[in-house]
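Commentary on secondary and tertiary structure
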Amino acid sequence: MHPSFLSPPEPRFVPEGEHPLWDEALAVVNRDVAATLPEQRPLCLIAYPGWEQDEAERIYVALANGDSHGNSLGPGTSAAQALLAVAEAAQDTITECLWQAWPVCTLHGLGMHMAEDAGRASWRCAGTSRPSDPGHVRAAIGELDTIHRPRRPNRKRRKDRKPR
Ligand SMILES: [Zn+2]
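Read on for a plain summary of the structure.

Around a metal, the perfect tetrahedron of four donors has angles of 109.5 degrees, and the perfect octahedron of six donors has angles of 90 or 180 degrees. Ligation of the zinc ion by protein atoms is provided by C105 (SG), H108 (ND1), C125 (SG) and H136 (NE2), these donors lying 2.0 to 2.3 Å from the ion. Considering all 4 donor atoms around the zinc ion, angles at the metal cover 102 to 118 degrees and the coordination shape is tetrahedral. The sequence pattern describing where the donors of the zinc ion fall on their chain is C-x2-H-x16-C-x10-H. With a gap of 28 residues between them, H108 in the loop between strand 4 (104-105) and strand 5 (110-111) and H136 in strand 8 (residues 136-140) connect regions that are remote in the sequence. The exposure class of H136 is buried, given its relative accessible area of 3%.

Read across the open sheet, the 3 strands follow the order 1-2-3; overall the sheet is antiparallel. Whereas interior strands pair on both sides, the edge strands pair on one side only; in this sheet they are strand 1 (12-13) and strand 3 (58-62). By the bridge criterion, 5 bridges tie strand 2 (residues 44-48) to strand 3 in an arrangement that is antiparallel. Bridged to C44 within strand 3 is A62. Each of strand 2 and strand 3 is contacted by helix 1 (residues 20-36), which is oriented at about 140 degrees to strand 2, the strand it contacts most.

Along an α-helix, a turn takes 3.6 residues, which lines up residues three or four apart on a common side. For helix 2 (residues 79-97), with 19 residues, the first-to-last C-alpha span of 26 Å sits near the 27 Å given by 1.5 Å per residue. Here the buried face of helix 2 lies against helix 1, strand 3, strand 6 (113-117) and strand 7 (120-125). One or two steps after helix 2, the chain reaches W99, where phi turns positive at roughly 55 degrees.

This brings us to the sheet that holds strand 7. Picture the strands of a sheet paired through backbone hydrogen bonds; they go either parallel or antiparallel. Read from one edge of the open sheet, 3 strands run 6-7-8, paired in antiparallel fashion. In this open sheet, the two edge strands, each paired with only one partner strand, are strand 6 and strand 8. On average, adjacent strands in this sheet sit at an angle of 50 degrees to one another, irrespective of strand direction. The pairing of strand 7 with strand 8 spans 4 bridges and is classified as antiparallel. Each bridged residue has a counterpart across the sheet, and for S122 the counterpart in strand 8 is A140.

A word on the pattern of salt bridges. Scanning all chains against the criterion turns up 4 salt bridges. For the salt bridge of R130 with D133, the shortest nitrogen-to-oxygen distance reads 2.7 Å. Judged by relative accessible area, which is 45%, R130 ranks as partly exposed. Residue classification places D133 among the buried positions, given a relative accessible area of 10%.

A separate point is the environment of N65. Mapped onto the secondary structure, N65 falls in the loop between strand 3 and helix 2. Owing to a relative accessible area of 49%, N65 belongs among the partly exposed residues under this scheme. N65 sits 24 residues away from R41 along the chain, and the two C-alpha atoms are 8.8 Å apart. Here the side chain of N65 touches D67 through a polar contact of 2.8 Å, landing on its backbone nitrogen.

Right, let's talk about the side chain of S122 for a bit. By secondary structure assignment, the location of S122 is in strand 7. Residue S122 is classed as buried on the basis of its relative accessible area, which comes to 2%. A distance of 3.1 Å separates a polar atom in the side chain of S122 from the backbone oxygen of R120.

Reading guide: rules and limits
- Residues numbered from 1 in each chain as written.
- Predicted model: local features only at pLDDT ≥ 70, side-chain atom pairs only at ≥ 80, totals over all residues.
- Heavy atoms only, no water.
- Donors = N, O, S within 2.8 Å, 3.2 Å for Na, K, Ca; no water.
- Tetrahedral: all angles 85-135°; square planar, octahedral: opposite > 155°, others 65-115°.
- Helix = DSSP H or I, 4+ residues; strand = E, 2+ residues; numbered from the N terminus.
- Buried < 20%, exposed > 50% of the residue type's maximum accessible area, 1.4 Å probe, protein only.
- Pairing = 2+ DSSP bridges.
- Contact = heavy atoms within 4.5 Å.
- Axes fitted to C-alpha atoms, helices over the stretch in contact; angles between N-to-C directions.
- Expected span 1.5 Å × (residues − 1).
- Salt bridge = Lys/Arg side-chain N within 4 Å of Asp/Glu carboxyl O.
- Polar contact = N/O pair within 3.5 Å; in protein donor to acceptor, adjacent residues only side chain to side chain.

So this is what it looks like as structure tokens:
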């Protein structure tokens, strides 16, 4: 059914320096990739030509081999927005192309989601249904190699609480 003239467009690898805002964001996200997926080479940016002649090319976050999944990056307007967009795109690409949740909370073995924590883009784990395992922020994006203990701000520490 597919007309044969619709051959898939050829992507190109985007060299560093073309999109400094995304380069910077990708460097931050790649720190998390290196910390959690040491066998992976750093993610990169690839561009596909627009469908129409005057349409801007679309930029995706891809594995080092060029595989990508999910939405293209929208126009980045600030470093904070770029970081969120790149982190989300990286999550989509890794999850779909490598068939694994990413990033995973090492305390609970659960896939994490982006959240803002004290003004910083962070990875948040939903925790488990057990009251002793509430949702928590694991680390700021780019800092997954640092150890953060779950914060439990709504709970006063009781002494001699029995470990479960
Ligand atoms: Zn967790």
